Amino acid sequence: MEMSPARERLTQHKRAVVKIGTTSLTHPNGTLNLQRIEKLCWVLADLYNQDKEIILVTSGAIGVGANALGMDERPREIIGRQAASAVGQAMLMQIYQNFLRTYNRIAAQILLTRDCVNDSLRRENARNAVNKIIEMGAIPIVNANDTIATDELPELSDNDTLSAYVASFSDSELLVMLTDREGFYNKDPRTHPKAILFRELNEVTPKMELTAGGSGSMLGTGGMVTKLNAARYALEQDIDIVMASGEDPAILLRILSGEEVGTLFTTIGGE
Ligand code: GLU
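Calculation rules
Residues numbered from 1 in each chain as written. Predicted model: local features only at pLDDT ≥ 70, side-chain atom pairs only at ≥ 80, totals over all residues. Heavy atoms only, no water. Pairing = 2+ DSSP bridges. Helix = DSSP H or I, 4+ residues; strand = E, 2+ residues; numbered from the N terminus. Contact = heavy atoms within 4.5 Å. Axes fitted to C-alpha atoms, helices over the stretch in contact; angles between N-to-C directions. Buried < 20%, exposed > 50% of the residue type's maximum accessible area, 1.4 Å probe, protein only. Parallel < 35°, antiparallel > 145°, perpendicular 65-115°, else oblique. Nonpolar A, V, L, I, M, F, W, Y, C, P; charged D, E, K, R; others polar.

Participant: Which residues make up the sheet that holds strand E2 (residues 53-58), and what are the values?
Facilitator: Judged by pairing direction, the sheet is mixed, and its eight strands sit side by side in the order E3-E4-E2-E1-E5-E7-E8-E6 without closing on themselves. Across the chains shown, the open sheet's two edge strands, defined by having one partner strand only, are strand E3 (107-112) and strand E6 (200-201). In this structure, E3 lies alongside strand E4 (residues 139-144), joined through six bridges in parallel fashion. Paired with Ala108 across the two strands is Pro140, which belongs to E4. Along the sheet, helix H1 (residues 5-12) makes contact with strand E5 (174-179), E6, strand E7 (240-245) and strand E8 (263-265), crossing E8 at roughly 85°.

Participant: Outline the pairing of E5, supporting the account with residue identities and numerical values.
Facilitator: With six of six residues buried, E5 lies mostly within the body of the structure. Here E5 shows a buried face lined by Leu174, Val176 and Leu178 and a second buried face lined by Leu175, Met177 and Thr179. The pairing of strand E1 (residues 15-20) with E5 spans five bridges and is classified as parallel. Of the residues in E5, the one forming a bridge with Val18 is Val176. The pairing of E5 with E7 spans six bridges and is classified as parallel. Considered in E7, the bridge of Leu178 is made with Ala244.

Participant: Which residues make up the packing of helix H4 (residues 61-68) against helix H5 (residues 78-102), and what values do they have?
Facilitator: Contact geometry for H4 and H5: axes closest at 6 Å, N-to-C directions at 100°. When the axes of H4 and H5 are compared, the pair comes out roughly perpendicular. Contacts between H4 and H5 involve Ala61, Ile62, Val64, Gly65, Ala66 and Ala68 on the former and, on the latter, Arg81, Ala84, Ser85, Val87, Gly88, Gln89, Met91 and Leu92. Residues that form the contact of H4 with H5 fall into these classes: nine nonpolar, four polar and one charged.

Shown next as C-alpha cells:
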C-alpha cells in the first residue's frame, strides 16, 4: 500500500517524545510489567543507534509506589500521591537504568513542575538540559515531579498534557502517545465492538471530545479527553501526534517507518 504524505513525513523525523502510561507499564495487579519495560528500553536504545532522538515521558511513579507500599489503590489524597511517587519514581528509574545499561545506554531523569513550563528561564533550562543529555548519548526520561506537586497546579498531574509541553519546548517533530487502545475511534471501542479507528486526522473538534468520554482506567489519570487536548496543543505547533497501542513497544519502530498504525494527527493533507 502506498504511504500517505503525512506518514512519509514521520519517517523523516529525528526528534520525538514518547509518552507511556501507567496501564502500559504495569500488570492489572499494579506490579511492573518487566517484559514490556525491557522491550521499551531495547527499542529506545535501538532508535538512538539509528540517530533518532527520543525523549521518554513515563508515568507509573504513583502506581508503582502505591503498590510497593502495600496500598490497595492509587492514593486519592495529594499527600498520599506525593509519598507514593517518591518511592515509585526511584524504583522506576532503577528499572529503566538497569535495562538500558544492557544496551549500553544511560537513563537521565528529568522531573518537571508546572513552573518549568510557564517560566521562560526554567523552560530554557529544561530545553538546554534535554539537548545536552541527548548530545552526550543518554536518554532523557521525564515525569512530573509528583512529590512536590500541589492541587493548585493540576495541569501537570496528567502526563498526556506534560508530554505535549515537553514536545513543544524540546523542539520535537513528533509526539507518540502509547495507550491501552489502538488509537482514536469514532465510538468507545469498549462498548462498541464495531467502532472505527481513525487513521489520519487534521484537527481535534469538540465533537471528538464528546465521543472520547471520561478516563480510561483505574491506575492512570489521563483518558482520551486529555489525550485529545494534548494532541490539539501539539498540532497547533505543527507537531505530528500518533496515538497507538503500548502493548508492544516495537510499534515505535513501525510508526517511524511510516507504517499505518494508530491514529495520526497531522497538519499535512486532509481526509
Ligand atoms: N505522574 C504520574 C505518575 O508517574 C502519572 C500521571 C498520569 O498517569 O498521567 O504516576
